[in-house]
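Below are the chains, spelled out letter by letter.
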Amino acid sequence: MRRIYLDHAATTPTRPEVVQGMLPYFTEAFGNPSSIYSYGQEARGAVDEARARVAELIGARSGEIVFTSGGTEADNYALKGVAYANENKGNHIITTAIEHHAVSEACKFLEKRGFRVTYLPVDKHGLVDPQDVKSAIGDKTILVSVMHASNEVGTIEPIEEIGRITREAGVYLHSDAVQTTGHIPVDVDELNVDLLSISAHKLYGPKGVGALYVRKGTRLSPLMHGGGQEKNRRAGTENVPSTVGFGKAAELAGQELDDEARKQSLLRDSLIKGLTERIDHLHLNGHPSQRLPNNVNVSVEFCEGEAMLLNLDLEGICASTGSACTSASLGPSHALLALGLSPELAHGSLRFSLGRENTEEDVARVLESLPGIVARLRAMSPLLKGNG
Ligand SMILES: *Cc1c(COP(=O)(O)O)cnc(C)c1O
């Protein structure tokens, strides 16, 4: 049975071209970029080239890219780095109820250390209202952090408009763009952001490497103290092979972005249409049109997300749920609840996230498998009238 991978929002396979590009930096070109002999300088050159490629993908300048160990570190660095460097200016941070845990848990940590955090609500489609951002900004506000698109429901947020508001107010804007970079156009100047998080393994690069875009002039305290790497913004010997892989993945993503977005959004729409036609009491979560080209998130009434996942797995299909236990956290996804879903519907959610290797055949396989799984589970469900 061929495995059908539909969980690209969790991670993507590293492209063979990327792996090939990384290999020499483990062996022949293993030097430390801080060394002045040519071995070291070869590695330094490779890191700088990767930096230029990542910068190009988001319309930034090379000097504004700080490499990190991934999206989580980039988010933590943005939140804590701005908080600590701007304490004299204020202690108020504004974010949303649907952020990735890398942002929301960093905010909770800061709350315990004297910062005040406002968690803005979203509408039923998962959209943040820019006017809510405007109303929440006060004298003590130093940072607004709103994700570019939801990793769960795929809704794309109005960052550009929020950025106009934060710019006018003189407040920094951070956006977690881990799900959008390399998938839809991301331009730091168009978006009006000061800080933006990226992760390589969500765009067909290796795991354990990412970047924080830091607009020139942004006041930020480092999280890591040690050597002077990354212009004193992130100490520690550079992860040269992974950074090279990140650069290659960013380059390829930029070249293929338009074609992939078009192709995947067609598959997305046919999966949504097919599921809606074949399964009754099924609801699409997230925005009907303003959503990531690769995201399908549905809730199936009278079915447990986890039960559906395990059954899909038996049929070779990998997906995800916002239900309990699959994540380490208890209870259903905070993001789905923030959209106003009942706990039952949140427990019955399924996320399919498409990728560059998926085909119409994969969509057809899901459409063949899921209706039968749902029917079997519903037949056993005590939630459904007539059973139990
Ligand atoms: C995956 C993800 C992260 C975390 O990135 P890592 O590189 O896995 O640490 C952060 N934010 C969003 C929206 C994500 O999807």
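These numbers come from a predicted model, not from an experiment. (Residues numbered from 1 in each chain as written. Predicted model: local features only at pLDDT ≥ 70, side-chain atom pairs only at ≥ 80, totals over all residues. Heavy atoms only, no water.)

On to the site of the ligand, then. Neighbouring the ligand are 13 residues, the closest being T72, D176, Q179, S199 and K202. Here D176 contributes a side-chain N or O atom positioned 2.6 Å from a nitrogen atom of the ligand. Between the ligand and S199 there is a distance of 2.7 Å, counted from an oxygen atom to a side-chain nitrogen or oxygen. Burial of the ligand by the protein chains amounts to 88% of its free accessible area of 380 Å². Here the shell around the ligand is composed, by residue class, of two nonpolar, eight polar and three charged. (Near = heavy atom within 4 Å. Polar contact = N/O pair within 3.5 Å; in protein donor to acceptor, adjacent residues only side chain to side chain. Areas by Shrake-Rupley, 256 points an atom, 1.4 Å probe, with all protein chains shown as cover. Nonpolar A, V, L, I, M, F, W, Y, C, P; charged D, E, K, R; others polar.)

So, about the sheet that holds strand 12 (residues 349-353). Read from one edge to the other, the open sheet built from three strands follows the order 9-10-12, with strand pairing classed as antiparallel. Each of the sheet's edge strands pairs with one partner strand only, and the pair in question is strand 9 (282-284) and strand 12. On average, adjacent strands in this sheet sit at an angle of 25° to one another, irrespective of strand direction. Running over the sheet, helix 9 (residues 240-278) touches strand 9, strand 10 (295-300) and strand 12 and is turned about 15° from strand 10. (Pairing = 2+ DSSP bridges. Helix = DSSP H or I, 4+ residues; strand = E, 2+ residues; numbered from the N terminus. Axes fitted to C-alpha atoms, helices over the stretch in contact; angles between N-to-C directions. Contact = heavy atoms within 4.5 Å.)

We now examine the pairing of strand 3 (residues 92-96). Among the five residues that make up strand 3, five are buried, leaving the element largely enclosed by the rest of the structure. Residues H92, I94 and T96 of strand 3 are buried on one face, and the alternating residues I93 and T95, pointing to the opposite face, are buried as well. The pairing of strand 3 with strand 4 (residues 116-120) spans five bridges and is classified as parallel. Bridge pairing in strand 4 places I93 opposite V117. Once you follow strand 3 into helix 4 (residues 101-111) and on to strand 4, the crossover reads as right-handed. Pairing geometry for strand 3 and strand 5 (residues 141-145), over three bridges, is parallel. In the strand pairing of strand 5, I94 is matched with V144. (Buried < 20%, exposed > 50% of the residue type's maximum accessible area, 1.4 Å probe, protein only. Right-handed = clockwise from strand over helix to strand, strands pointing away.)

Of note in the backbone geometry, E230 takes a positive phi value of approximately 50° without being a glycine. Looking at the element boundaries, E230 is found in helix 8 (residues 229-232). With a relative accessible area of 9%, E230 lands in the buried category. One non-glycine residue, F302, adopts positive backbone phi at about 65°. Relative to the elements of secondary structure, F302 occurs in the loop between strand 10 and helix 10 (305-314).

Across the interface, helix 3 (residues 71-85) lies against helix 4 with an axial gap of 9 Å and an inter-helix angle of 30°. In terms of orientation, helix 3 and helix 4 fall into the roughly parallel class. The element helix 3 and its partner helix 4 pack so that their crossing is right-handed. Here T72, D75, N76, L79, K80, A83 and Y84 of helix 3 lie close against helix 4, whose contacting residues are A102, V103, A106, C107, F109 and L110. (Parallel < 35°, antiparallel > 145°, perpendicular 65-115°, else oblique. Left-handed = near helix turned anticlockwise from the far one by under 90°.)

Together, V19, L23 and F26 give the surface a local cluster of nonpolar side chains, amounting to about 260 Å² of exposed area. Inspection of the secondary structure puts F26 in the loop between helix 1 (16-22) and helix 2 (38-57). (Patch = residues over 30% accessible without salt bridge, like charges linked within 9 Å, V, L, I, M, F, W, Y side chains within 5 Å. Salt bridge = Lys/Arg side-chain N within 4 Å of Asp/Glu carboxyl O.)

The next thing to look at is the domain arrangement of the protein. Domains assigned within the protein are domain 1 (4-11 + 258-387) and domain 2 (16-252). Each of domain 1 and domain 2 has a C-alpha centre, and the two are 29 Å apart. If you look at the interface, domain 1 gives 28 residues, while domain 2 gives 26 residues. For the domain 1 and domain 2 pair, buried surface summed over both sides reaches about 2,200 Å², with 54% attributable to carbon and sulfur atoms. Connecting domain 1 to domain 2 are zero salt bridges. Along the contact surface separating domain 1 from domain 2 lie 15 residue pairs in polar contact (both at pLDDT 80 or more). Ranked by the residues each element gives to the side of domain 1 that touches domain 2, the list is headed by helix 11 (residues 334-338), at four residues. (Domains from an automatic or database assignment. Buried area = accessible area lost by both parts, 1.4 Å probe.)

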